[in-house]
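Each chain, written out:
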Amino acid sequence: MKKAPKTIDDILASYPPHPQNLISLLQDVQTKFNYISTEHLALICDYVGIPVTRAWSVATFYKSFSLEPRGEHEIKVCLGTTCHLKGANRLLEACERALGVAPGGTTPDLYLTLDTVKCVGACAEAPVVMVDQDYLGRASISSLKKQLKRR
Amino acid sequence: MKKIKNAAELQVLRQRLLAAQDPEQPVVRVCLGPGCLALGAEKVGQAFKSAIRSKKIKAKVQPLIKETGCHGFCSQGTLVSLSPANLFYVRVRPDDVAEIVETSLAQGKTVERLLYQDNGTSYRSAEEIPFYRAQQKIILKKVGVIDPRDINDALLAGAYQSLSKTLTELSPDEVLRTVEVSGLRGRGGGGFPTGYKWRRAVDNARKNPGPVYVIANGEEGDPGAFMDRAIMEGDPHAVLEGMIIGGYALGANQGFLYVRHEYPIAIHHLSIALQQARALGLLGKNILGSGFNFDLQINRGAGAYVCGEETAIIASLEGRVGEPRTRPPFPAQEGLWGRPTIINNVETWANIAHIIERGAEWYTQLGVPQSTGTKIFSLVGKVKNSGLVEVPMGISLTRLVEEIGGGVPGQPRFKAVQTGGPSGGIIPYESKEPFTDYHYHPSDSIPGRKEISVDFDSMAQTGSIMGGGGMIVMDDHDCVVDVARYFLNFLQEESCGKCLPCRLGLKGMLEFLDCFTRGQGAPEDIDALESLGRALVDGSLCGLGRAAPNPVLTSIRYFRDEYLAHIVEHKCPAGVCRDLITYSIDPEICNGCGLCAEDCPGACISGKKKKAYAINAAACIRCGTCQAVCPVDAVRVA
Amino acid sequence: MTPKKKKPKMIKFTINGRQVQAKPEWTILETARLNHIHIPTLCFHPAITPWGSCRLCVVEMRSEKQGKIIPSCLSLPEPEVEVFTESERVQNVRRWVLEMLLAECPASREIKDLAARYGVTSTRFGITDPKEDCLRCGRCVAVCHEVVGVQALTFGSRGVKKQLETPYRIPNSACIGCGCCVSVCPTGALQNRLDTVRGDLSRRTGHGFAH
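Residues numbered from 1 in each chain as written. Chains lettered and ligands numbered in written order. Predicted model: local features only at pLDDT ≥ 70, side-chain atom pairs only at ≥ 80, totals over all residues.

I tried to follow the overall build of chain C on my own but got confused; where do I start?
Tallying secondary structure elements over chain C gives six helices and seven strands in all. Listed N to C, the secondary structure of chain C is β-β-α-β-β-β-α-α-α-β-β-α-α in terms of helices and strands. If one aligns the C-alpha atoms of chain C with their principal axes, the spans along those axes are about 60 × 60 × 25 Å. Within chain C, the proportion of its 211 residues that are buried is 43%. In chain C, once contacts between residues fewer than 6 apart in sequence are set aside, the share between residues at least 24 apart is 56%. (Helix = DSSP H or I, 4+ residues; strand = E, 2+ residues; numbered from the N terminus. Buried ≥ 20, exposed ≤ 12 C-beta atoms within 10 Å, placed from the backbone. Contact = placed C-beta atoms within 7 Å.)

Just to check I follow, could you spell out the interface of chain B and chain C for this structure?
Size of an interface, as often reported, equals the accessible area lost when the parts are brought together. Taken together, the contacts link 24 residues of chain B with 23 residues of chain C. Elements with a minimum of two residues in the side of chain B that touches chain C: helix H18 (480-494), helix H19 (500-517) and helix H20 (523-539) of chain B. The element contributing the most residues to the side of chain B that touches chain C is H19(B), with eight residues.

How do you make sense of the sheet that holds strand S7 (residues 213-218) of chain B when you look at a structure like this?
What links the strands of a sheet is backbone hydrogen bonding, and the strands pair in either a parallel or an antiparallel sense. All names here are of chain B. The strand order S9-S8-S7-S10 describes an open sheet built from four strands, whose pairing is parallel. Among the strands making up the open sheet, the edge pair consists of strand S9 (295-300) and strand S10 (341-345). Ignoring which end each strand starts from, the neighbouring axes of this sheet average 20° apart. Pairing geometry for strand S8 (residues 254-259) and S9, over six bridges, is parallel. Looking across to S9, one finds that Gly255 is bridged to Leu296. Contacts between helix H12 (residues 264-279) and the sheet are confined to S7, S8 and S9, with S9 contributing the most and set at about 165° to the helix. (Pairing = 2+ DSSP bridges. Axes fitted to C-alpha atoms, helices over the stretch in contact; angles between N-to-C directions.)

I'm lost on the nonpolar core in this one. Help?
Core analysis: the largest hydrophobic core is formed by 295 residues, its most contacted members being Leu26(A), Val128(A), Val129(A), Ile231(B), Val239(B) and Leu101(C). Those residues in contact with Val128(A) that sit more than four places away from it in its chain are Cys78(A), Cys83(A), Val120(A), Ala122(A), Tyr135(A), Leu136(A), Gly137(A), Ala139(A) and Ala38(B). Core analysis: the next-biggest nonpolar cluster, separate from the first, contains 12 residues, Tyr583(B), Cys590(B), Cys600(B) and Tyr613(B) among them. (Core = buried A, V, L, I, M, F, W, Y, C linked by C-beta atoms within 7 Å.)

How should helix H8 (residues 172-182) of chain B be read in this particular structure?
At 3.6 residues per turn, the α-helix brings residues three or four places apart onto the same side. Residue and element names in this part refer to chain B. Along H8, the residues classified as buried are Val175, Leu176, Thr178, Val179 and Ser182. Along the axis of H8, the buried residues cluster in a sector spanning 160°; they form a single face. In this structure, the buried side of H8 is in contact with helix H7 (161-169), helix H9 (194-207), helix H11 (236-250), helix H14 (346-358), helix H15 (360-364) and strand S12 (371-372). (Arc of directions from axis to C-beta.)

Explanation requested: helix H6 (residues 189-198) of chain C in the structure shown.
All names here are of chain C. Every buried residue of H6 is accounted for by Ala189, Leu190, Val197 and Arg198. The buried side chains of H6 occupy one side of the element, clustering within an arc of 115° when seen end-on. Elements that come into contact with the buried residues of H6 comprise helix H4 (139-148) and helix H5 (180-184). Backbone geometry just downstream of H6 places Gly199 in the positive-phi region, at approximately 65°.

Got a minute to help me understand the interface of chain A and chain B in this structure?
In this assembly, 39 residues from chain A lie in contact with 42 residues from chain B. Listing elements by their share of the side of chain A that touches chain B, those giving two or more residues are helix H2 (22-33), helix H4 (52-61), helix H5 (81-85), helix H6 (88-99) and helix H7 (141-149) of chain A. Here the side of chain A that touches chain B is composed, by residue class, of 18 nonpolar, 15 polar and six charged. (Nonpolar A, V, L, I, M, F, W, Y, C, P; charged D, E, K, R; others polar.)

Explanation requested: the domain arrangement of chain B in the structure shown.
All names here are of chain B. Segmenting chain B into domains produces domain 1 (7-129), domain 2 (151-364), domain 3 (371-475), domain 4 (480-567) and domain 5 (582-637). Computed over C-alpha atoms only, the centres of domain 2 and domain 3 are separated by 28 Å. Secondary-structure elements contributing two or more residues to the side of domain 2 that touches domain 3 are helix H10 (227-234), H14 and H15. For the side of domain 2 that touches domain 3, a count of residues per class yields seven nonpolar, eight polar and five charged. (Domains from an automatic or database assignment.)

Please clarify how the packing of H7(B) against H11(B) should be interpreted in this entry.
The packing of two helices is summarised by the inter-axis angle and the distance between the axes. All names here are of chain B. For the pair H7 and H11, the least separation of the axes is 9 Å and the interaxial angle reads 10°. The angle between H7 and H11 falls in the class roughly parallel. Remark: the crossing between H7 and H11 carries left-handed chirality. Residues Ser162, Leu163, Thr166 and Leu167 of H7 form the contact with H11, whose own contacting residues are Glu241, Ile244, Ile245 and Tyr248. Here the contact of H7 with H11 is composed, by residue class, of five nonpolar, two polar and one charged. (Parallel < 35°, antiparallel > 145°, perpendicular 65-115°, else oblique. Left-handed = near helix turned anticlockwise from the far one by under 90°.)

Now the structure itself:
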């Protein structure tokens, strides 16, 4: 497997300098640095040869990109149909109350980001909450509190 | 790995792999599909590996542990199958592993308590279980059997045999005609005849010589649908092989796998598959010595449901925002970088190798005339047996939900089924209006009743669509007005916002639904909503907007009474819509523990310890916390 | 002797029952306008590539009993089809779009007038911003990109959150202050927010930062 890229230059060098690679570059930067900074956006634009406006529209269009730093840990409440039928929105509200942030927001100490996701494919275990890469099936307010305490 | 230079060498490799197999070797297949993963299947797999290492089982051949893709029976996860004993264990937890290793692997006996049990019967093997018996696994046959990270395992199971046959025996036009005759229709939801689309691309490329591209649509955005995920994670070579064969037929040398960003495991498994296929020379230059060059790359989606639309995928691959384009021109005429492009769903691609292997005639015998082949569904929601199923097209809806799904558990009734995700509709179990004469099955249980056939055209006639395969069962604790509102809200967030009918119309329709779920509005508003829905169907630029009114329009068509109950009687019969329900504590059952009052965010529950507590209905925000924490189920919703 | 110019094969079809003819590259909208048949538009502008976002120009094209609703600014007529600019389905799309636009852009005089011409004088939908007059038609973005070549402004976000803006929502130094965006804006919305795009021009040398 390819070695994980270490710096922004590594990331840039792993794609040919064409505008069509804009999204792949943004994704790698997002994964590596947890968000896309002003500097990195400008570097990507220079590399592929597009004006910043084009990168701006792409970075703000797609949900997986964040222009603000995200938290160390992510809580994703699944709002898929089955999870909705099993009360996911109540679970989300409980998280909002507990953390004091709206979906998409990050706690001021940059520790936790609360987000929503639509379907992780674990519908038999609805409602599902993901804490980083771990799944919490048949989630309830109490089981979620336990998970949060561990981090 | 050595590159395979021609078809003969491929057979030699396969024979060698087959010869190295020991049929007596015990194989433990641990399901690492999405459902089981959520239940901790990874730990089960690790437990097996370390148990076998430390146990040192006295056997001629040490057991082999395979972590596979989805076995399908998600509600019974984690699933573990043993061969050649042909044992199927369900609900396996890491703590159970030691017993399985000792009892089944070392002693060859059965762990009775881990067998699937239903209605007093214990089932030793998967084929006997009703959930599996009515299925016909063709696309999913290898999923749950092979190790998706090992191409040798895929080769053993027959991968790339069809590619070999294609490159040595068939011309591109013969492949094209086979796909046309098979009647294969797009499995992503559109149901467009695949062969017809391919033929258009070939004709356009002839008129306009130059590159042709193929794309796999893995942006499986419908909530509740994970068919494509199971294929990409569990049998990635099926997709690769289909695309290489397709590339050959279409004259394409470059393909793209557009995979949803939310599926990192699928991306990982596809990457491994690509690497291994390239190493063996099954991808790249001069495949199997045929002179045909073809390669694939993976592009990740970036969190946009709209990128499940063909022209939006193209925009995304070109590094642009995922805004669809008006059609014509269709991608088969002008697609990626203006060139003829074929975009097919992952499941559609996974069908190709089978059609080539056994022929178009064979394929047409499966399913029904206008909808040939099988279809994979994710059967979820209020159903006893939920998971991934593969059935021939044309199966009756009731058979799917009741025989395979096991029906709705407990007291509630089977009310409706939601198909096709946000672009689909809500179809009732019982309907006063006759559905259609298109395809129907006489009901086994209710004389004179027609049951819906699950095929493209019958589903379209109900006002819904087949869709990608998401099939969500609803019971009478689910409110159709709420579900219609849920889908509109979903689509509003996913709309690209380019065209007015969709951008403004989804918001407008949502305003109507918000009113209804609050018990407001007038009966005429239902007609207005239908009219607005028709404006979106006619005026929207792309399929997202055009299909967006489906859940609303079908729910009005079949459940108008439920809408009227909300608007006129200010009641939510299913007990869901927050403004129309009241929470109360049953004083007979309440044990006075006070947990509800502690956790109530609105501090509106009062009482004394050991005496019945009460909710202040006026202050209650209906968050449901009290019901969730009550240990004796004393909270009532009405 | 000068060679005879080849006459292009004209495409014959009808609009509202009237026989019209179009050259092969003409859209239905162009053909209608040449024949003085009125079709409303908002996002269409002759200086830029048609985008097809407002959908007000939709017409119904009928052939062999099947009627399709298509955007006339982008669609080429097929021979012998019947095009209707005022069919029931067309009017339905138009009226709903206009009623929703009244709620979306309550501050725009132009939209009020356009809606009134089609009998839409009030809206039942909620008004989020009483001062809003930008309908995200995309003309300004297109003209800056295609005609001026500077790409100083764009759309950010998507769906109902789609906004006309510049990167980081600060004035963009790429803007050369030519005013083309203002001149193509159908409602004057850009006039109101020009300073958010252009910023301070006093120090500009006239050499733009166009890529």
